[in-house]
Amino acid sequence: SGKWLVHVARPGLYAAKINWNRPLGDASITLHVGERSKTLQIKPDQPRKGIDVSMLLELDAGDADVQVKAISEGRQHDPYHVILTRVDEQ
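Residues numbered from 1 in each chain as written. Predicted model: local features only at pLDDT ≥ 70, side-chain atom pairs only at ≥ 80, totals over all residues. Heavy atoms only, no water.

Enumeration according to the criterion identifies two salt bridges in this entry. Across the pair Asp-88 and Arg-86 runs a salt bridge whose closest N-O atoms are separated by 2.9 Å. (Salt bridge = Lys/Arg side-chain N within 4 Å of Asp/Glu carboxyl O.)

As structure tokens, this is what we get:
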């Protein structure tokens with residue numbers, strides 16, 4: 001799994017959309033952005049065609065590494081892409 005370097009221009013609330021190109025089973029997904037992180041559990045009864053996961057995260061301004069860890073059936077699955085979008089803009 002890799003890391004991406006991002007520059008957060010302004011602090012605020014951001015939505016992270018994480019996409020995998022194939023379904024995951026039961027999974028624990030952790031998003032790390034700089035010093036912040038959030039974990040989400042995906043259950044088998046939740047729809048997953050490919051899979052799009054959305055999380056909200058409060059971010060500070062500045063440079064940060066982005067990393068996603070998704071563990072399903074004891075294996076790590078890397079995402080296809082991650083999109084961060086500021087959601088608290090006026």
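The rest of the description comes next.
Our next topic: the environment of Asp-63. Within the secondary structure, Asp-63 is located in strand β6 (residues 62–72). Residues Asp-63 and Val-6, spaced 57 residues apart in sequence, show a C-alpha to C-alpha distance of 5.7 Å. Engagement of the side chain of Asp-63 in a polar contact is seen with the side chain of His-7, the distance being 2.8 Å. (Helix = DSSP H or I, 4+ residues; strand = E, 2+ residues; numbered from the N terminus. Polar contact = N/O pair within 3.5 Å; in protein donor to acceptor, adjacent residues only side chain to side chain.)

Tracing the backbone shows Thr-30 in strand β3 (residues 27–33). Judged by relative accessible area, Thr-30 falls into the buried class, the value being 15%. When sequence neighbours within four positions are dropped, the list of residues in contact with Thr-30 reads Ser-37, Lys-38, Thr-39, Gln-67, Val-68 and Lys-69. (Buried < 20%, exposed > 50% of the residue type's maximum accessible area, 1.4 Å probe, protein only. Contact = heavy atoms within 4.5 Å.)

Okay, the environment of Trp-20 next. Assignment of secondary structure puts Trp-20 in strand β2 (residues 12–20). The class of Trp-20 is buried, set by a relative accessible area of 2%. In sequence terms Trp-20 and Tyr-80 are 60 residues apart; their C-alpha atoms lie 4.8 Å from each other. In this structure the side chain of Trp-20 is engaged in a polar contact, spanning 3.2 Å, whose partner is the backbone oxygen of His-77. Side-chain polar atoms of Trp-20 contact the backbone oxygen of Asp-78, separated by 3.4 Å.

The next subject is the pairing of β3. For β3, the tally of buried residues reaches five of seven residues, placing the bulk of the element in the interior. As defined by bridge partners, β3 adjoins strand β4 (residues 36–42) across seven bridges and the pair is classed as antiparallel. Bridge assignment links Ser-28 to a residue of β4, and that residue is Gln-41. Counted along the chain from β3 to the antiparallel partner β4, the turn is two residues long, and its residue Gly-34 has a positive phi close to 60°. Note that β3 and β6 share seven bridges and pair antiparallel. Residue pairing across strands places Val-33 opposite Val-66, the latter belonging to β6. (Pairing = 2+ DSSP bridges.)

A word on the nonpolar core. Within soluble globular proteins, side chains that are nonpolar tend to cluster in buried spots. By size, the foremost hydrophobic cluster in this structure holds 19 residues, and its most contacted members are Ile-18, Trp-20, Ile-29, Leu-31, Val-33 and Val-53. When residues of this core are traced back to their parent elements, those giving at least two are β2, β3, β5 (51–59) and β6. (Core = buried A, V, L, I, M, F, W, Y, C linked by side-chain atoms within 4.5 Å.)

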